Every structure is written in C-alpha cells, then in structure tokens.
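A closer look at the structure
What follows is the residue order along each chain.
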Amino acid sequence: MKFKKNIIKIAVDGFSSCGKSTLAKDLAAELGFIYIDSGAMYRAITLYSIRKGFFEDQNLNSVELIRSLNQVNIDFLTDENSNLITLLNGENVESDIRSLSVSSKVSIISSVPEVRKKMVELQRQMSSKKSVVMDGRDIGTVVFPDADIKFFVTADIETRAKRRFLELVEKGQNPNFEEVKKNLTERDFLDQNRKDSPLVKAPDAILIDNTNLNRKEQLELALYYITKTLC
Ligand code: DC
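Scoring rules and cut-offs
Residues numbered from 1 in each chain as written. Predicted model: local features only at pLDDT ≥ 70, side-chain atom pairs only at ≥ 80, totals over all residues. Heavy atoms only, no water. Pairing = 2+ DSSP bridges. Helix = DSSP H or I, 4+ residues; strand = E, 2+ residues; numbered from the N terminus. Axes fitted to C-alpha atoms, helices over the stretch in contact; angles between N-to-C directions. Contact = heavy atoms within 4.5 Å. Salt bridge = Lys/Arg side-chain N within 4 Å of Asp/Glu carboxyl O. Buried < 20%, exposed > 50% of the residue type's maximum accessible area, 1.4 Å probe, protein only. Expected span 1.5 Å × (residues − 1). Core = buried A, V, L, I, M, F, W, Y, C linked by side-chain atoms within 4.5 Å.

1. Regarding the sheet that holds strand β9 (residues 149-154)
Reading across the sheet, the five strands line up as β2-β8-β1-β9-β10 and stay open at both edges, with parallel pairing between neighbours. Two strands in the sheet have a free side with no partner beyond their single neighbour: β2 (34-37) and β10 (206-209). If you compare each strand with its neighbour and ignore which way they point, the axes differ by 20° on average. Direction of pairing for β9 relative to β10: parallel, over a ladder of four bridges. Note on β10: the bridge partner recorded for Phe151 is Ile206. Docked against the sheet, helix α10 (residues 215-230) engages β1 (9-14), β9 and β10, running at close to 160° with respect to β9.

Next comes the structure, spelled out in structure tokens:
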C-alpha cells in the first residue's frame, strides 16, 4: 500500500473485548506498522500495584502508587512468533496481566490522572518515529487527536463476553461466564464514566460494529477505509 505520508498513526478505540486488539494487530501486520497495546500498559501498572500491596480489597492507596510511578518501567518486545510481550521492569508479565484479578482492578488504576499522564507520555514516545497502530480507550481523543485515521470498535455484550471467556479458556484459565460478563459490564461503565479521558467515540472516528463480522471481514472493512482515506 502506498500512503500519501511517511509516518502514519492509526487509532483503534472501543469497549472491552470488542476485538479492537485483534483488529489493531491484524492492521499492523498487514501494513508493516508497529502495534502498541495501550491496555497492556494499564494492566502492567495494575499488576505492579497489586504486588506492591497498594490495594486493600478494592481500595487503592493512590498516594503510594503515585509516589512510586517513577520506578515503573513498561516496555514491549516481539517474540519469535511475532507476539507482543509486555515487560514490567524487564519481566515478562504478558500472562499475569490478563488474569481476572488484574482485570477487576485495572479500571481503578486507569482512572488515576497521574497514571494516565505517564502512560500517554510513554505512548507518544514509543510512536514518535514510526508508523503505528495503537489500540485503547483514549487513543483517538487524547493520545493522538491528530491520528490519520480513527476507528471505534464495538459489539454486543453477549458476543464480547463469549469472546473473552474463550480467550481465557484457551490460556488455560478456568473462567466463570457470568463473572467474565459482569467484569466487562463494570469496566464499560467505569471506562465511560471516569472524569479523566473517558471512553468516548471521537467525532471523526469510523464506527465498526463487528457483532456479525469475523476477523477477516473486520480487517477488510478497516483496510477499505484506510485505502480510501490515506492512499
Ligand atoms: O484493552 P484492555 O481491556 O486490555 O484494557 C484494560 C483496561 O485499561 C481497560 O478496562 C481500561 C484501561 N485502558 C484505558 O483506560 N485507556 C487505554 N488507552 C487503554 C486501556
């Protein structure tokens, strides 16, 4: 594909487990861009906070967290099978950050403005010199309001819960379907209602509802818009 510009930024936002990471990864592979999973970064800080004992049940000691933010280093590497691996202070935490215990606390961590400020800085640094596809909740609205193209992905809640449930089963976990669905519903609510950078469709984002689309169809639809807009 030949683009009008050298460096392209593609923003993919949407609800939890709506398939936005799959779309973002597929687009990055197809276009030869780097892929950045911004949700993994919030998950890594959540894991750090759990390990450090910053939580007492669902109550976060945000003062302690904010004080230790400069000791948290998050990075990515790609393994031999082209999978993205999240590193927390150099440790591979890719599996740990997908657990339900992290999922149930990540919305609390991601509502702390100081955490968001640090993540947004890191996200912009990671993509300053290369074409990227980044997925998350605030990419088209806050991280890259000037993205070259923005997608907002959605699917109905039953479909999303089934997808996340199967993903956890494939990873060898033993999830409970109702718990998975409840976690998604809660995160949707918290992500949409937090004060700092709530999940909202950017006015110029293209809506993709993939409830009835398979992986290939959603990729083809996004590529159609990319070709039409950027080539
Ligand atoms: O994409 P994910 O489900 O792995 O994201 C985990 C959580 O991180 C999600 O519930 C909200 C938060 N998040 C965020 O606030 N902003 C982003 N750009 C990405 C994720």
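2. Examining the pattern of salt bridges
This model, assessed by the stated rule, comprises 17 salt bridges. The partner of Asp148 in a salt bridge is Lys5, with the nearest N and O atoms 2.6 Å apart. Here Asp148 is found in the loop between α7 (139-143) and β9, whereas its partner Lys5 is found in the segment before β1, with 143 residues between them in sequence. A residue is classified by how much of its surface remains accessible, and Lys5, at 45% relative accessible area, is partly exposed.

3. Brief notes about helix α8 (residues 157-170)
With 14 residues, α8 extends 20 Å from end C-alpha to end C-alpha; this agrees with the ideal 20 Å at 1.5 Å per step. For α8, the complete set of buried residues consists of Thr159, Arg160, Ala161, Arg164 and Leu168. Buried residues along α8 sit against α2 (38-51), α4 (100-103) and α9 (177-193).

4. Examining the nonpolar core
In globular proteins that are soluble, nonpolar side chains generally tend to be buried together. Core analysis: the biggest nonpolar cluster contains 58 residues, and Ile10, Leu27, Ile45, Val115, Phe151 and Ile226 have the highest contact counts within it. With seven residues, the single largest contributor to this core is α2. Setting aside residues up to four positions removed in sequence, Leu27 forms contacts with Ile10, Val133, Phe151, Leu219, Ala222, Leu223 and Ile226. Phe15, Phe152, Ala202 and Ala205 belong to the second largest nonpolar core, which has five residues in total.

5. What about helix α6 (residues 113-126)?
With 14 residues, α6 extends 20 Å between its outermost C-alpha atoms, agreeing within 8% with the 20 Å of an ideal straight helix rising 1.5 Å per residue. Regarding α6, the residues found buried are Val115, Arg116, Lys118, Met119, Val120, Leu122 and Gln123. The secondary structure elements touched by the buried residues of α6 are α2, α3 (62-68), β5 (74-78), α5 (106-109), β8 (132-136) and α7.

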